[in-house]
Amino acid sequence: MWAFVFKRTLIALSVALTISVLCFSLLQLSGDLALSIGGPEATAEQVEQIRTDYGLDRPVIQQFTSWLWGAVQLDFGRSYYYQSDVMDLVVERLPVTMTLGVMSLAIALFVSIPLGVVAALKRGSWIDRMAMAIAVTGQAMPNFWFGLTLIILFAVKLQWFPAAGSDSWQGFVLPAIALGYYATPAMMRLTRSGMLEVLEADYIRTARAKGLRTGTVIFKHALRNAVIPVVALAAVELGFMLGGSVVIETVFSLRGLGQLAWNAISRNDYPVVQAIVLIIALFYIVLTLLADILNAVLDPRLRAR
Amino acid sequence: MSNQSSVERSTAPASPLLSVKQLRVDLPVAKGTLHAVRGIDFHVERGEMLCLVGESGCGKSMTSLALMGLLPRKAQINADCLNFDGVDLLTVSEHERSNLRGARMAMIFQEPMTALNPAYTLGNQLCEALRRHQLVSRKAAHDRALYLLKRVGISAAEERMRQYPHQLSGGLRQRVMIAMALMCEPDLIIADEPTTALDVTIQAQILHLLRDLQQEFGTAVIFITHDLGVVARIADRVAVMYAGEVIETASAQALFHAPSHPYTQGLLRCIPTPSKTLPGSRLQAIPGVVPSLVDKVEGCAFCNRCDHADERCYSTPPLQTVADRHLSRCHFAHQLANPATINAQEVTL
Ligand SMILES: Nc1ncnc2c1ncn2[C@@H]1O[C@H](COP(=O)(O)OP(=O)(O)O)[C@@H](O)[C@H]1O
Ligand code: SF4
Ligand SMILES: [Mg+2]
């Protein structure tokens, strides 16, 4: 088991390094930074000034290593727009995005796994068809539109939840539903197909031959094996949700990482964009690593590899 | 073994552990209804080893699943009698059925590689059946599992209890399955081709083990196989199946020395010395093909492959008693039982 964790961690670290290279070079490829920071009215001297001030006149490799060295120490430089430390901005916004992500994932899991199990057990019944309808709608609906619908219905008409703001937990409910619903269909369908497959397995017949109760057969013997791929998917979905938070946080005016990213992109605030892209990518890597480890806990056969 | 059964026979016949009369299993398929089991009769005495033998596809697995109540949902079962120790298995509730399963009738499957749940330790899977059926402590269940693992010949049993199925070879897993079947001391074990997936030397070991344990614990076993060599080694009695029917039942002795159905005779002719037959000899040496089980089979199902067939065989042969507890489903069963008569018959014909 520990050898497995060590191996996976090494792989994760090398992926992280690759991502940081990509992350850095993407911005290099996006054009002359000094020009875009200066804006259309800047004179040639001003642009030159910016170039030296920001260290953009150095060789690319040197820019990269100094940026990476900073990043390792959690120093992403100063924001061009806010004129404050990038890390301070990120740390201030991070809890909002994390709360949103975890709540969304929890909602998605609580809806998709039971629905997937019931759909598989009652294949072809009305509940199966309803679950399928939910899945199709969920995949077809853009999440900003769904978010706005929730605001109109539950914030404006019914006034159950606030339409905006992250001051209390109520403010997170609607955005978490909007974001979680987006992840539900794929997880539900994977649970359903996993259950259908596992229920046909020989070991389920063995479990029934032992006279075990239906609940034991379904939850202990079937679900345990059926959720293994769902765990991996959940990690990927949480990653997507962090990406999706850019839109949802803007719709619900949550002061999270997504909103910060959106503002930074529209203001050419490159250090902030770089930092957020790298941080979200790192989250993604950590999530995948955790999913791998959780998978190995659930499926003993994986530990040997 | 045979002493014991002859004593039982001479006194008032004790009711058998399991009696099956006119069991039928139908499966809906694309082309119509597949009659996988077409009205079979047999019984199992307490503590005996009954071998159910027949070619692949003749309905052996469907029969065993019908007995366990584990048929596929779309399958239709009916019978005149399906009685397990006084319990009518046709009318019993699903709840009572699950109380019997694992506790009083257990099953060992053909494929040891997939029959165990990959996510749980062997100890966990061994103990759960006992703890489902009996009020025993975790410790007591653990001790029983440990004892049985040792009894089925698994070394380092304590360590094995903590291992997962993928850490064991096929032969070891089948030993675990045997131990698992014995956990609640069942009256009947149905073993559906338990050695077919194993290589020859392991097969022989598992066979020995099953025979030993069956005699030691006095458990009745329905041993399903397509391998007459296996039958010769372990059976007390034999029921030969063909195309969803039992076509001959007899004691192992009688079956090998006085087979009374052309199909059984054909099978035995393919094997020069039954007692020395190696496990692994397959039932496939008779020319011709098995009739389709979709739609009704008219007359004798073996008709198209039978050397003795004549116009009488267009009508369905009844089960005929050729000797004490020796039945054969053939119009010529009596003549076949006695080779002298059949020679005479052939001359007069
Ligand atoms: N799930 C199923 N659906 C339809 N037909 C089946 C199914 N399982 C088995 N059969 C058919 O039922 C007949 C009996 O099968 P089975 O009992 O498995 O034979 P055996 O165990 O003797 O090899 C065969 O003709 C087989 O093709
Ligand atoms: S009834 Fe006729 S066809 Fe059938 S086994 Fe007997 S002799 Fe052969
Ligand atoms: Mg079979």
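Residues numbered from 1 in each chain as written. Chains lettered and ligands numbered in written order. Predicted model: local features only at pLDDT ≥ 70, side-chain atom pairs only at ≥ 80, totals over all residues. Heavy atoms only, no water.

**Description of the overall build of chain B**
Check the secondary structure of chain B and you find 13 helices and 13 strands. With 349 residues in all, chain B has 55% of them scored as buried. When contacts within chain B are restricted to residue pairs at least 6 apart in sequence, long-range pairs at least 24 apart make up 67% of them. Of the roughly 15300 Å² of accessible surface on chain B, 52% is carried by carbon and sulfur atoms. (Helix = DSSP H or I, 4+ residues; strand = E, 2+ residues; numbered from the N terminus. Buried < 20%, exposed > 50% of the residue type's maximum accessible area, 1.4 Å probe, protein only. Contact = heavy atoms within 4.5 Å. Areas by Shrake-Rupley, 256 points an atom, 1.4 Å probe, with all protein chains shown as cover.)

**Points about helix α4 (residues 60-72) of chain A**
Residue and element names in this part refer to chain A. With 13 residues, α4 ought to run about 18 Å at 1.5 Å a step, and its terminal C-alpha atoms sit 18 Å apart, in line with that. Buried residues along α4 sit in contact with α1 (2-29) and α13 (270-298). Looking one or two residues past α4, L74 carries a phi angle of roughly 60°, positive in sign. (Expected span 1.5 Å × (residues − 1).)

**Concerning the pairing of strand β5 (residues 81-84) of chain B**
All names here are of chain B. Note: strand β1 (residues 18-29) against β5, four bridges, orientation antiparallel. By the bridge assignment for β5, S19 is matched with N83. Bridge analysis of β5 against strand β6 (residues 87-88) gives two bridges, and the strand direction is antiparallel. Bridging from a neighbouring strand, N83 pairs with D88 of β6. Between β5 and β6, which pair antiparallel in sequence order, lie two residues; one of them, D85, sits at a positive phi of approximately 50°. (Pairing = 2+ DSSP bridges.)

**Brief notes about the confidence of the model for chain B**
All names here are of chain B. Model confidence for chain B is summarised by a mean pLDDT of 87, while 89% of its residues fall at 70 or above. Note on residues 1-12: pLDDT is under 50 here. Beyond four places in sequence and across chains, it has seven contacts. Considering only residues more than four positions removed or in separate chains, one finds that residues 342-349, a stretch of pLDDT under 50, has five contacts. Interface predicted TM-score (ipTM) for the complex: 0.85; the corresponding pTM is 0.82. (pLDDT = per-residue confidence, 0-100.)

**Topic: the sheet that holds strand β11 (residues 245-251) of chain B**
All names here are of chain B. If you trace the eight strands from one edge of the open sheet to the other, you get β7-β8-β9-β3-β10-β11-β13-β12, paired in mixed fashion. Two strands lie at the open edges of the sheet, namely β7 (105-108) and β12 (320-323), each paired on one side alone. Looking at each pair of strands side by side, their axes are set apart by 20° on average, direction ignored. Sheet topology places β7 next to strand β8 (residues 188-192); four bridges connect them, and they run parallel. Note on β8: the bridge partner recorded for I108 is A191. Set on the sheet, helix α7 (residues 170-182) makes contact with β7 and β8; between it and β7 the angle comes to about 175°. Set on the sheet, helix α8 (residues 200-217) makes contact with β3 (49-53), β7 and β9 (220-225); between it and β9 the angle comes to about 160°. (Axes fitted to C-alpha atoms, helices over the stretch in contact; angles between N-to-C directions.)

**Section: the UniProt feature "domain: ABC transporter" (unreviewed entry) in chain B**
According to UniProt, the positions carrying the feature "domain: ABC transporter" (unreviewed entry) are residues 18-268 of chain B. Between the end C-alpha atoms of residues 18-268 of chain B the distance is 28 Å, and the span holds 39% helix and 27% strand. (UniProt positions renumbered as here; feature names shortened; annotations may be inferred.)

**Things to note about the environment of B:D227**
All names here are of chain B. Locating D227 in the fold gives a position in the loop between β9 and α9 (228-234). As for D227 and L52, which are separated by 175 residues in sequence, their C-alpha atoms are 10.0 Å apart. Of the polar contacts made by the side chain of D227, one reaches the backbone nitrogen of G229; its length is 2.9 Å. (Polar contact = N/O pair within 3.5 Å; in protein donor to acceptor, adjacent residues only side chain to side chain.)

**As for the interface of chain A and chain B**
Tallying the contact residues gives 19 residues for chain A and 28 residues for chain B. Buried area between chain A and chain B, both sides added, is near 2200 Å², and the carbon and sulfur share of it is 54%. In this assembly, chain A and chain B are joined by two salt bridges. Of all the secondary structure elements, the ones that give two or more residues to the side of chain A that touches chain B are α9 (202-209), α10 (214-226) and α14 (300-303) of chain A. Sorting elements by how many residues they give to the side of chain A that touches chain B places α9(A) first, with six residues. For the side of chain A that touches chain B, the per-class residue count stands at five nonpolar, five polar and nine charged. (Buried area = accessible area lost by both parts, 1.4 Å probe. Salt bridge = Lys/Arg side-chain N within 4 Å of Asp/Glu carboxyl O. Nonpolar A, V, L, I, M, F, W, Y, C, P; charged D, E, K, R; others polar.)

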